[in-house]
Amino acid sequence: METAIKVENLCKSYGSINAVSNVNISVDRGKVYGLLGANGAGKTTTIECILGTKNFDSGTVLILGMNPQKERKVLFERVGVQFQESHYQEKITVAELCNVTQSLYKNPLDYTELLKQFGLFDKLKSPVNELSGGQKQRMFIVLALIPNPEVVFLDELTTGLDSRARRDVWKCLSNLKAKGLTILLTSHFMDEVEALCDKICILKKGTPIFYGTVGEAISCSPFEKFEDAYLWYTDEEGSENESV
Amino acid sequence: MKAFNTMFKTELKLAIRGMDMVIFAIALPVIVMVILGVIYGNQPAFEGASYSFLTQSFGAVVTIAISASGMMGLPLVVADYRNKKILKRFKVTPVSPMLILFVQVIVNMLMSIVSLLLVFAVGALLFDLRLGDNWFAFLGAYFLVLLSIYSIGMMVGAVSPNIKTSNLLCSILYFPMLIFSGATLPYEVMPTVLQKISDILPLTQGIKLLKATSLGLPSGDILFSLIIMILIAGFCACISIKFFRWE
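Residues numbered from 1 in each chain as written. Chains lettered and ligands numbered in written order. Predicted model: local features only at pLDDT ≥ 70, side-chain atom pairs only at ≥ 80, totals over all residues. Heavy atoms only, no water.

*Asks:* What is the right way to read the overall build of chain B from this model?
*Replies:* Secondary structure summary: chain B contains ten helices and zero strands in total. Going from N to C terminus, chain B has its helices and strands arranged as α-α-α-α-α-α-α-α-α-α. Since a compact globule built from 247 residues should have a radius of gyration of about 18 Å, the 18 Å found for chain B is in line with a globular shape. Taken along its principal axes, the extent of the C-alpha atoms in chain B is 65 × 35 × 30 Å. Buried positions account for 52% of the 247 residues belonging to chain B. Restricting the contact set of chain B to residue pairs at least 6 apart, pairs at least 24 apart contribute 76%. Summing over all exposed atoms, chain B offers an accessible surface of approximately 11000 Å²; the carbon and sulfur share of this is 74%. Across chain B, the 17 positively charged side chains and the 10 negatively charged ones have centroids separated by 18 Å. (Helix = DSSP H or I, 4+ residues; strand = E, 2+ residues; numbered from the N terminus. Rg over C-alpha atoms; globule rule 2.2 N^0.38 Å. Buried < 20%, exposed > 50% of the residue type's maximum accessible area, 1.4 Å probe, protein only. Contact = heavy atoms within 4.5 Å. Areas by Shrake-Rupley, 256 points an atom, 1.4 Å probe, with all protein chains shown as cover. Lys, Arg positive; Asp, Glu negative; His and termini not counted. Charge placed at Lys NZ, Arg CZ, Asp CG, Glu CD.)

*Asks:* What is the right way to look at the sheet that holds strand β9 (residues 207-212) of chain A in this model?
*Replies:* Note on sheets: strands pair through backbone hydrogen bonds, and any given pair is parallel or antiparallel. Residues and elements named next belong to chain A. Read across the open sheet, the six strands follow the order β5-β6-β7-β3-β8-β9; overall the sheet is mixed. Each end of this open sheet is capped by a strand with a single partner; those strands are β5 (79-82) and β9. Each strand axis lies, on average, 15 degrees off the axis of its neighbour in the sheet, ignoring direction. (Pairing = 2+ DSSP bridges. Axes fitted to C-alpha atoms, helices over the stretch in contact; angles between N-to-C directions.)

*Asks:* Sorry if this is basic, but what is going on with the nonpolar core here?
*Replies:* A general trend in soluble globular proteins is that nonpolar side chains are found buried together. In terms of nonpolar packing, the biggest core is built from 123 residues, with M139, I200 and F226 of chain A together with F58 of chain B touching the most fellow members. In terms of residue count, the dominant contributor to this core is helix α3 (residues 53-83) of chain B (15 residues). Here this core spans two domains, since at least three of its residues come from each of domain 1 (3-78 + 150-243) and domain 2 (86-148) of chain A. Beyond its immediate stretch of four places on either side in the chain, I200 of chain A contacts Y33, G34, L36, V193, F210, Y211, G212, T213, V214, A217 and F226 of chain A. (Core = buried A, V, L, I, M, F, W, Y, C linked by side-chain atoms within 4.5 Å. Domains from an automatic or database assignment.)

*Asks:* Help me understand the interface of chain A and chain B, please; the structure alone is not making it clear to me.
*Replies:* Frequently, the measure chosen for interface size is the accessible area that the parts lose on association. On the chain B side, the residues contacting the 31 residues of chain A number 26 residues. Both faces combined, the contact of chain A with chain B buries some 2500 Å², and carbon together with sulfur accounts for 58% of it. Counting the contacts that link chain A with chain B gives three salt bridges. A salt bridge links E96 of chain A to K13 of chain B, with the nearest nitrogen and oxygen atoms 3.5 Å apart. At the boundary of chain A with chain B, the tally comes to ten residue pairs in polar contact (both at pLDDT 80 or more). When contributions to the side of chain A that touches chain B are tallied by element, the ones reaching two or more residues are α1 (43-51), α2 (72-75), β5, α3 (94-103) and α5 (133-145) of chain A. In terms of residue class, the side of chain A that touches chain B is built from 14 nonpolar, eight polar and nine charged. (Buried area = accessible area lost by both parts, 1.4 Å probe. Salt bridge = Lys/Arg side-chain N within 4 Å of Asp/Glu carboxyl O. Polar contact = N/O pair within 3.5 Å; in protein donor to acceptor, adjacent residues only side chain to side chain. Nonpolar A, V, L, I, M, F, W, Y, C, P; charged D, E, K, R; others polar.)

*Asks:* Quick question: what am I supposed to make of unusual backbone geometry here?
*Replies:* Excluding glycine, a negative phi dihedral is what most residues carry, and trans is how most peptide bonds are arranged. At N9 of chain A, a position not held by glycine, the phi torsion is positive, near 50 degrees. With a phi close to 70 degrees, M19 of chain B is a non-glycine residue in the positive phi region. Locating M19 of chain B in the fold gives a position in the loop between α1 (2-18) and α2 (20-40). By relative accessible area, which is 40% here, M19 of chain B ends up partly exposed.

*Asks:* It is not clear to me how the confidence of the model for chain A should be interpreted in this structure. Could you clarify?
*Replies:* Any region with low pLDDT has predicted coordinates that should not be read closely. On average, residues of chain A carry a pLDDT of 90, and 96% of them reach 70 or more. Looking across chain A, the model is least confident in helix α10 (residues 236-243) of chain A, with a mean pLDDT of 49, and most confident in strand β6 (residues 151-154) of chain A, with 96. (pLDDT = per-residue confidence, 0-100.)

*Asks:* I tried to follow helix α7 (residues 163-180) of chain B on my own but got confused; where do I start?
*Replies:* Every α-helical turn comprises 3.6 residues, leaving residues that sit three or four positions apart pointing alike. Residues and elements named next belong to chain B. Taking 1.5 Å of rise per residue, 18 residues should cover 26 Å, and α7 covers 25 Å from first to last C-alpha, within 8% of that figure. Burial in α7 covers these residues: S166, C170, Y174, M177 and L178. A distance of 3.1 Å separates the backbone nitrogen of K164 from a side-chain oxygen at the start of α7, and that oxygen is part of N162. G182 lies just past α7 and shows a positive phi near 95 degrees. (Expected span 1.5 Å × (residues − 1).)

This is how it looks when you write it as structure tokens:
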């Protein structure tokens, strides 16, 4: 199967601190890959290095076979991104932000359809900064999907969403996945990871400590529930005991 | 082109919604023109002058908008968009973040030009403002001054590490220039000491250039001002390109 995202031996340090060390990620086309870890574990840094918005120290990154920094213009016609923090102009409305985003691409999707799907159609005229946290979050997912991407990066996909909205977002992404969309996401919700991700990587202080499926993560741990297993992998005390 | 058009429309709407430029670049120069008109009417600039005091002031008043858009509007937006990481979002699209900066230059330029036309219309209709014949030279001077003031603004936007520094530097540049370079308070009514200080400010040289071209004065006297303007534009543009950071 064709590989959509290929990351090999990615390393990035800030001074003497290793933010990301030796990350290897390979995502096949049409699959969903989850990047997990506590706050500050290096998930966002990893995504930014993959996207080329941060320079990394060593390793190689290919998205759809292209180098994101050197082939930016061609690549980002086919890739959508939702950053963890939302970035928009003061006083801009939903419609204006969608319009500008749509104008950047050669073959974009109709954003009104996407806004309907994500329950934001009645907010077209609203200023973005008057949206609730959950509505903003959904709007930025819409922006990431406007290019009609083959690959989408979603950093903290459903943070701030209520349960209903989270389910709706999952359903939407599952549909897109069925149509062949490749997704790389980070999340703090283990139910979401279980529901969506084909493969995961757990990061701890910038170092990958587990690669595999959710099922494998459970069976390699002494627990039966994924959330317990995840906590077991990332447990601070555990690591100190090991190093003693 | 589609991206440019949509962004231009949106950024223009945002600038108008923001009101700052509408007040400082469009309303303020018109108000100053009206005040000068009411005070000086069609008095000659000095005894025996062939042009009025108001006509002489025209070249100065039009720089209020250039200063507001170039030294407040432009650098603050650049710093703000970098701070809000809007430039970063453009980095993961097919369009260069350079485009949004270019759009901002055009939006601000448009504000200045609208202001220029309004100030001229108010002067001509209400206070008998009459310019010299050499429109071409005046417009050339106008765009040169615009270029050098904008390049100062871009330099401030480029070297400021954050929006606070940018704000501070802009205020330090903008307000003294607005008052002491003759843009609002006419150079001709300043005491000689103040005129000497005023001569140091780059905008003062720009205003001399605009006055000479709008009044059709002999061009020999303004060579110095012309060179200063070109040097500033070149120097500041180089600094801004060299030190510009996306984040």
